[in-house]
Amino acid sequence: EYHPGLSYAKMYINGNEVPLTNHGYNPVSTNIANSSALLHLGSRAGGAYFFKGSLDEFRVWGRIKTQAEIRADMFQSINPTLQTGLLCYYDFNTGIPCGDNTGLTTLTDLCGLYNGILLNFALDSTISNWTGSLSMATTNLLPATNITDSSFVAHWSVPAGTETFTHYALFV
């Protein structure tokens, strides 16, 4: 969320506001200027400070959204033609997760305006490649076992045909 008239900005990751620093090329106290500069996902401009993680469902809005609006849509795909103020939308649903994706170097903007280009990706291994996502998949919760006052064992299954994942987040 950025308001140029009041010179404030907010950023939300996974529906939670995160603090912004006043460091870097365009600190928070500096108005964000309209420009034709490229938007970099995964690193700063110039290829420094690489992001260590995965991106899925990245959206840029031209209007202020409330935290409640962000949370209401964060675990579902949206129809870009039905959205007010959506500037670009990337769902990252390209290729075969962790398979041979040589040549699939376009990140498609579902709004149809700002396609991206992948640079320096191997595109043929379990790293540096398109990956699968459970962010939009509904898991099937199964009954917990070994329940005590301080712990339990959680059980769930994922939809058939979903990539195998080794890291999960469980919110209790």
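Residues numbered from 1 in each chain as written. Predicted model: local features only at pLDDT ≥ 70, side-chain atom pairs only at ≥ 80, totals over all residues. Heavy atoms only, no water.

Visitor: Any chance you could explain the pairing of strand β5 (residues 58–61) here in plain terms?
Guide: If a strand is regular, its side chains alternate between the two faces of the sheet. Here β5 shows a clear split, with R59 and W61 buried on one side and none of F58 and V60 buried on the other. Alignment of β5 against strand β6 (residues 86–90), held across 4 bridges, turns out to be antiparallel. Bridge pairing in β6 links R59 to Y89. (Buried < 20%, exposed > 50% of the residue type's maximum accessible area, 1.4 Å probe, protein only. Helix = DSSP H or I, 4+ residues; strand = E, 2+ residues; numbered from the N terminus. Pairing = 2+ DSSP bridges.)

Visitor: What am I meant to see in the pattern of salt bridges here?
Guide: Where side chains of opposite charge bring their charged atoms close, a pairing between them can arise. For the structure shown, the criterion picks out 3 salt bridges. Close ionic contact of D73 with K65 constitutes a salt bridge, the shortest N to O distance being 3.7 Å. (Salt bridge = Lys/Arg side-chain N within 4 Å of Asp/Glu carboxyl O.)

Visitor: Sorry if this is basic, but what is going on with the side chain of D109 here?
Guide: Inspection of the secondary structure assignment puts D109 in the loop between β7 (106–107) and β8 (116–117). A distance of 2.9 Å separates the side chain of D109 from the backbone nitrogen of C111, its partner in a polar contact. A polar atom in the side chain of D109 sits 2.8 Å from the backbone nitrogen of Y114. Excluding residues within four positions of it along the chain, D109 makes contact with L87, C88, Y89, Y90, Y114 and N115. (Polar contact = N/O pair within 3.5 Å; in protein donor to acceptor, adjacent residues only side chain to side chain. Contact = heavy atoms within 4.5 Å.)

Visitor: How should I be thinking about unusual backbone geometry in this particular structure?
Guide: With glycine set apart, most residues show a phi of negative sign, and most peptide bonds adopt trans. Even without being glycine, N120 reaches a positive phi, approximately 65°. Structurally, the position occupied by N120 is in the loop between β8 and β9 (140–145). Judged by its relative accessible area of 77%, N120 falls in the exposed class. Unlike most non-glycine residues, N146 shows phi in positive territory, near 50°. Structurally, N146 is set in the loop between β9 and β10 (153–157).

Visitor: Looking at this structure, I do not really get the side chain of D91. What am I missing?
Guide: Among the structural elements, D91 can be located in the loop between β6 and β7. Separated by 3.1 Å, the side chain of D91 and the backbone nitrogen of N93 make a polar contact. Ignoring sequence-local partners within four residues, the contact set of D91 consists of D56, E57 and L110.

Visitor: Would you mind showing me how to read the packing of aromatic side chains here?
Guide: Given two aromatic rings, their pairing is described by the distance between the two centres and the angle made by the two planes. Throughout the structure, instances matching the rule amount to 0 aromatic pairs. Against the face of W61 rests K65, its NZ or CZ located 3.8 Å from the ring centre. (Phe/Tyr/Trp six-rings, centres within 6.5 Å; stacked < 30°, edge-to-face > 60°. Lys NZ or Arg CZ within 6 Å of the ring centre and 35° of its normal.)

Visitor: What's the story with the environment of S125 in this structure? I'm lost.
Guide: Here S125 shows up in the loop between β8 and β9. The exposure class of S125 is partly exposed, given its relative accessible area of 23%. Sequence-distant contacts of S125, defined by excluding residues within four places in its chain, comprise C98 and G99.

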